[in-house]
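Structural overview
Okay, here's what each chain looks like letter by letter:
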Amino acid sequence: MQIEKVWQAQPGSQSLFLQCPYREVCYSGTRGPGKTDALLMSFAQHCGKGYGMHWRGVIFRKEYKHLDDIITKSKRWFNQIGARNRPRFLSSQGAMKWIWPDGEELLFRTFSTPDDYWNYHGHEYPFIGWEELTSWPSIDCYESMMSCNRTSRPGGLPLQVRSTTNPYGVGHNWVKAYFIDPAPYGVPILNGEGQARVTLFGSVRENKYIDGEYLKTLNAISDPNKRKAWLFGSWDITSGGMFDDLWSRDKHILPMFDIPSSWRIDRAFDWGSSRPFSVGWWAESDGIPAKVRGVDRFFPRGTLIRIGEWYGCTGKPNEGLRMTAANVASGILERERAMRINVKPGPADSAIYAVTDDVSIGQNMEKAGVRWTMADKKSGSRKNGWELMRVRLEASANGEDKPGLYVMDNCREFIRTVPPLPRDERDMDDIDTDAEDHIADETRYRCLAPKRETIVNQLRI
């Protein structure tokens, strides 16, 4: 099949995307360079080469309604192919696929949650495409399908996992960590098995078919983070949501300094096993000045400063260590000894005191020497907690004489995960619970905590 008769890759990122020899290729950048067309043609360019029914592909969107655009674009191009080589489209919801005369197939499917993997377990897809990769809140869906990227054809054929994305969105953090941070654009990233992935950058200015009005629309975006993401393809943004209008690295991040002895230090906790747990150590100002870079600095009484953290993550975004409660408690005590600080019990999610097999997570931690107070989980506390965090961040940003919230620069996981947390599209006063929100939950517990708390007795829950 002569794809170039109906569509020709434009010089630059589109051509590189189609020609790239690596298994995993992420096509990032601005809006408008033609990423969706390139994704379709990455599959179609191998049709008619004799692979027949062995060349089978699937392109995923998170929700069914989002498939409309890519299916429409596929019809625009594939229906122009000459009658001899033209594929036919099966439009029933159970089919949703193109079939070429030689048997090649391209399916369009949704993949909403990690459990959807079981709809594809055991399948064979030499080509897997992900449209708008930051739509997925974690790497789980993407990673699970790697086991299906295989072929049983003698002699083999290309194995390709192709994705398109822009910065911004619920999956901003994990996509950035996996594709953007490890290497510059165009430089292969090797995993432990020597397999390579690479990220390519595409700009709207490469696309000769984009009219000036589209560029004006991107230029007119009022949200500075969204404008940087969609017009310039910048990943150095907060990705839109609950705190990005208030967060400032210059104002909210502090260098490490010695905490005055009169300040209260406690810890907060959000449990996780398959998902990360979060321990945050917090210093609460009593109004006594602290030496920051050798200069006295006054923080309003009640200001919270995150001085340390332990994020129970494997290194992959949103993947937990699966540690037992006793081992987590042991790790907490070990870190507190190293910090040489006197730590008071602080709030933990009350769910750790749910009894299973005659003992709870909280009870196991208490036996190991770590006690907690009960976090505020009453009705309305979740949204109230986010608002209290916003009020504190605003006070810090504006230099107000009110209790603020700061983070020391050693708390990298807070800085990575909390500022870009997105709002829930169904409830804009809440955070999307599919996002990596564990540190935010732990911080919320601390902001909701009363000034002085009574230790929870494991027998009085």
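Residues numbered from 1 in each chain as written. Predicted model: local features only at pLDDT ≥ 70, side-chain atom pairs only at ≥ 80, totals over all residues. Heavy atoms only, no water.

Some words on the overall build of the protein chain
Tallying secondary structure elements over the protein chain gives 13 helices and 20 strands in all. Within the protein chain, the proportion of its 461 residues that are buried is 55%. Relative to all contacts within the protein chain whose residues are 6 or more apart in sequence, the contacts with residues 24 or more apart total 72%. Side-chain charges in the protein chain split into 62 positive and 59 negative, and the spacing between the mean points of these groups amounts to 2 Å. (Helix = DSSP H or I, 4+ residues; strand = E, 2+ residues; numbered from the N terminus. Buried < 20%, exposed > 50% of the residue type's maximum accessible area, 1.4 Å probe, protein only. Contact = heavy atoms within 4.5 Å. Lys, Arg positive; Asp, Glu negative; His and termini not counted. Charge placed at Lys NZ, Arg CZ, Asp CG, Glu CD.)

Some points on the packing of aromatic side chains
By convention here, two paired aromatic rings are described through the distance between centres and the angle between planes. In total, this model carries 34 aromatic pairs according to the counting rule given. Centre to centre, the rings of Tyr142 and Trp174 are 6.0 Å apart; their planes meet at 50°, and the pair counts as tilted. Of this pair, Tyr142 sits in helix H4 (residues 140-144) while Trp174 sits in helix H5 (residues 172-180), and the two are 32 residues apart along the sequence. Like Tyr142, the residue Trp174 is buried in the burial classification. An aromatic cluster is defined as three or more aromatic residues linked by ring pairs; in this entry it consists of Phe60, Phe111, Tyr120, Tyr125, Trp130, Trp136, Tyr142, Trp174, Tyr178 and Phe179. Across the ring face of Tyr178, the terminal group of Arg197 is positioned such that the distance to the ring centre comes to 3.8 Å. Against the face of Trp386 rests Arg444, its NZ or CZ located 4.8 Å from the ring centre. (Phe/Tyr/Trp six-rings, centres within 6.5 Å; stacked < 30°, edge-to-face > 60°. Lys NZ or Arg CZ within 6 Å of the ring centre and 35° of its normal.)

Here's the deal with the pairing of strand E12 (residues 278-284)
Among the 7 residues that make up E12, 7 are buried, leaving the element largely enclosed by the rest of the structure. In E12, alternate side chains face the same way, and those of Ser278, Gly280, Trp282 and Glu284 on one face and Val279, Trp281 and Ala283 on the other are all buried. Both strand E11 (residues 264-270) and E12 contribute to a ladder of 7 bridges, which runs antiparallel. Note that in E12 the partner of Asp266 across the bridge is Trp282. (Pairing = 2+ DSSP bridges.)

Brief notes about the sheet that holds strand E6 (residues 127-130)
On the basis of which strands lie adjacent, the open sheet formed by 9 strands has the order E3-E4-E5-E2-E6-E7-E1-E9-E8 and mixed pairing. One side of each edge strand has no neighbouring strand; the edge strands of this open sheet are strand E3 (88-90) and strand E8 (189-190). Summarising the sheet, strand E2 (residues 56-61) and strand E5 (residues 105-110) pair through 6 bridges and their orientation is parallel. Across the sheet, Val58 pairs through a bridge with Leu107, a residue of E5. Along the sheet, helix H3 (residues 67-78) makes contact with E2, E3, strand E4 (97-99) and E5, crossing E5 at roughly 160°. (Axes fitted to C-alpha atoms, helices over the stretch in contact; angles between N-to-C directions.)

Quick look at the side chain of Thr134
Looking at the secondary structure, you find Thr134 in the loop between E6 and H4. Discounting chain neighbours no more than four positions away, the residues touching Thr134 are Thr165, Asn166, Tyr168, Gly169, Val170, Gly171, His172, Val175 and Trp235.

Points about the packing of helix H11 (residues 381-398) against helix H13 (residues 438-448)
The geometry of H11 relative to H13 is characterised by a closest axis approach of 9 Å and an angle of 85° between their N-to-C directions. By the criterion of interaxial angle, the relationship of H11 to H13 is roughly perpendicular. Contacts from Ser381, Arg382, Asn384, Gly385, Trp386, Leu388, Met389 and Arg392 in H11 reach Ala440, Asp441, Thr443, Arg444, Cys447 and Leu448 in H13. Partitioning the contact of H11 with H13 into residue classes produces 6 nonpolar, 4 polar and 4 charged. (Parallel < 35°, antiparallel > 145°, perpendicular 65-115°, else oblique. Nonpolar A, V, L, I, M, F, W, Y, C, P; charged D, E, K, R; others polar.)

So, to be careful, I would describe these as geometric facts and stop short of saying anything about function.
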